[in-house]
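Overview (structure and organization)
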Amino acid sequence: MGDFNVALVIVAAVVSVVVLLVSFYLLINYQHPDDANQAYFPKLVVVVGLSVAAISILMLPADVANRQACRHAIYNGACNLTLPMKTLWLIVYIVDAILVFLVIPFAMFYYEGDQDKTVGQRLKSALIWVFCSALVCALCLGILYTLIGKVDFTVRHLSSSVQTFPTSWNGFSNSQPCISPLTKQCDAYLAPASSQTTWTMRTSFPEYVVALATIVGSVLFTIFGGVGIACLPLGLISSFVRRPKAVITRSQYIKEATELGKKARELKKAAEALHQEERNGKKDRKWRKNVKSVEKELLLLEDDMQALEEMYPQGEQAEATWAITVLSYLGKLVLGVVGLIISIAWVAHIVIYLLIDPPLSPFLNEVFIKLDSIWGLLGTAAFAFFCFYLLVAVIAGEMMLGLKLVFITIHPMKWGATLMNSFLFNVGLILLCSISVIQFCSTAFGYYAQATAAQEIFGHTLESLRGIKYLYKYNVFQYGFVALAIITLFYYSCFGWRKKRHTGRFQLSS
């Protein structure tokens, strides 16, 4: 047992280093060229945020492996060699909350500050915004914790009469489990309904912070995750369906490039006008609506430019470039089909295991257990993959809704073209939703992840917390997740496969 725990610590240390290196890799390859050799503090926040989010997801498989190390112990407390998972969970999620509600907002306010101001003025402005936000959050958190920061556990008082200790155990069996031969049931089984009562106790403050952060994250996760679980694979498949079928001629290329150039000049004039209004202090509702329109048109223009470059590859390696383009769309098709299978498995598992009471089958829980029986880390790896897939679906859902809804800001993640404010926004969204993903996975895979520290925090405490326990008791988030997934599926079936053409002159709303 000791060797297993040592191996677990070594694996945890190695994985943490790998996660940190992967976070650096993503930052370097996704960042926009305009952010090169600058914005070092936001970049540090991005790396730390991505690392914390990835580690928090991987901690649930580690929690399962940590529990398995004590499978021979009579009870968990008898095993002194396990990792202090409950303490690690609370540390990670307190850091998560600090990053989401303090550090990332400060970095975004500083990065998006008026470039004409000095560094000191931008720091002062960002600190004021963060201080006001933190003060409001602290007041709300303190008031809520004081008034309703308690958990209500439903318990039943059981008691039994005293019997003489038997001298022989031969008479006990499944049909006769009790000492008294007169009754085929133990006295405690006959407890009346009045013996059921509510046991109230105050939860710890760190657990309450995690619980409230989970509620906020669960709302976002239900909306973005429910949409993303459907649009992520369908978007990849539709990208293959709408792929360029052949290389266009030079005259066609010049014609399309000219139109895109006109569009770019219109957007540049609109952006300059909005910047002038911002400097004059006219940041009203109409200004914000126009900014959103410009951002949306700019994003679509970039997509059109990329599509045009794909349809007319240039240079000495034009044929090789076209071959790579064809292969990339085939890869999207394969990933889309695989993603569709995973999405269907997720939705089916939620319905079969969570929404139907009692569950029809453990479904994916049994799959992970069988994979563990083949090789110790195979089930754990599959378990972690399904959790990570939900996070990717959240980003896909945010992107889709950002293009469709006016009140959601667009923050695209593009290889080699992601501005730092979009990076910070998406990292904050990932961090906030990662708490909910862990809670969601610990519930959805409760049979596989039973008796873990995560279940103690997210199961027993969160689902018994006064004021919010009914959201989990009646599976509000699970129903919302499945409903949005089905609505998105119907939307894509009706409108998602059409290739949109953006024509006409762009004008700001007056």
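Provided above is the structure to which this section pertains.
In short, a report on the structure. None of these values were measured; they are calculated from a predicted model. (Residues numbered from 1 in each chain as written. Predicted model: local features only at pLDDT ≥ 70, side-chain atom pairs only at ≥ 80, totals over all residues. Heavy atoms only, no water.)

Among the structural elements, T203 can be located in the loop between strand 2 (196-202) and helix 5 (205-241). In contact with T203, not counting residues within four places along its chain, are Y145, G149, K150, V151, Y208, T461 and L465. (Helix = DSSP H or I, 4+ residues; strand = E, 2+ residues; numbered from the N terminus. Contact = heavy atoms within 4.5 Å.)

This part covers helix 5. Its 37 residues place the ends of helix 5 52 Å apart at the C-alpha level, agreeing with the 54 Å of an ideal helix rising 1.5 Å per residue. A maximum bend of about 35 degrees is found in helix 5 at G228. For helix 5, the tally of buried residues reaches 27 of 37 residues, placing the bulk of the element in the interior. (Expected span 1.5 Å × (residues − 1). Bend = angle between axes of the 7 residues up to and from the residue. Buried < 20%, exposed > 50% of the residue type's maximum accessible area, 1.4 Å probe, protein only.)

Before going further, it helps to spend a moment on the pattern of salt bridges. For side chains of opposite charge, pairing can occur when their charged atoms come near one another. Evaluated as defined, the whole model comprises two salt bridges. Of the charged contacts in the structure, one is a salt bridge between R466 and D152, with a shortest N-O distance of 2.9 Å. Here R466, found in the loop between helix 12 (453-461) and helix 13 (469-473), pairs with D152, found in strand 1 (residues 150-156); they are 314 residues apart in sequence, far enough to count as distant. Residue E297 pairs with K263 through a salt bridge whose shortest N-O separation is 3.6 Å. With E297 in helix 7 (residues 285-311) and K263 in helix 6 (residues 250-279), the pair connects residues that are 34 residues apart, well separated along the chain. Taking relative accessible area as the criterion, K263 reaches 13% and is therefore assigned buried. (Salt bridge = Lys/Arg side-chain N within 4 Å of Asp/Glu carboxyl O.)

Turning to the environment of V130, a few remarks are in order. Counting through the fold element by element, V130 comes out in helix 4 (residues 119-148). Given a relative accessible area of 11%, V130 falls into the buried group. Along the chain, V130 and P105 lie 25 residues apart, while their C-alpha atoms are 6.6 Å from each other. Not counting the four nearest positions on each side in its chain, V130 is found in contact with L102, P105, F106 and F109.

A surface patch of nonpolar side chains, amounting to about 540 Å² of accessible area, comprises F131, L135, L139, I143 and L147. Within the element layout of this structure, F131 appears in helix 4. Judged by relative accessible area, which is 57%, F131 ranks as exposed. (Patch = residues over 30% accessible without salt bridge, like charges linked within 9 Å, V, L, I, M, F, W, Y side chains within 5 Å. Areas by Shrake-Rupley, 256 points an atom, 1.4 Å probe, with all protein chains shown as cover.)

Turning next to the packing of aromatic side chains. Throughout the structure, instances matching the rule amount to 22 aromatic pairs. Where F383 meets F445, the ring centres are 5.3 Å apart and the plane angle is 75 degrees; that geometry is what we call edge-to-face. Taken as a pair, F383 in helix 10 (residues 378-404) and F445 in the loop between helix 11 (420-444) and helix 12 lie far apart in primary sequence, 62 residues in all. For the pair F383 and F445, one class covers both residues: buried. Ring pairing ties together the aromatic residues F221, W346, F368, F383, F385, F386, F440, F445, Y448 and F481, which thus form one cluster. Cation over ring: R202 sits above Y145, and NZ or CZ is 5.2 Å from the ring centre. (Phe/Tyr/Trp six-rings, centres within 6.5 Å; stacked < 30°, edge-to-face > 60°. Lys NZ or Arg CZ within 6 Å of the ring centre and 35° of its normal.)

This part is about the packing of helix 5 against helix 8 (residues 318-355). Running from amino to carboxyl end, helix 5 crosses helix 8 at an angle of 155 degrees, the nearest separation of the two axes being 8 Å. Considered as vectors, helix 5 and helix 8 are oriented roughly antiparallel to each other. Here helix 5 runs over helix 8; the crossing is left-handed. Between helix 5 and helix 8, the residues in contact are I229, P233, L234, L236, I237, S239 and F240 and Y329, L330, K332, L333, L335, G336, V337, G339, L340, S343 and W346, respectively. (Axes fitted to C-alpha atoms, helices over the stretch in contact; angles between N-to-C directions. Parallel < 35°, antiparallel > 145°, perpendicular 65-115°, else oblique. Left-handed = near helix turned anticlockwise from the far one by under 90°.)

Looking along the chain, the bond that leaves D357 and enters P358 is cis, with omega of -5 degrees. Looking at the secondary structure, you find P358 in the loop between helix 8 and helix 9 (364-374). Positive phi, normally seen in glycine, also occurs at F363, with a value near 50 degrees. One can find F363 in the loop between helix 8 and helix 9. Of note, N475 is a non-glycine position whose phi angle comes to about 55 degrees, a positive value.

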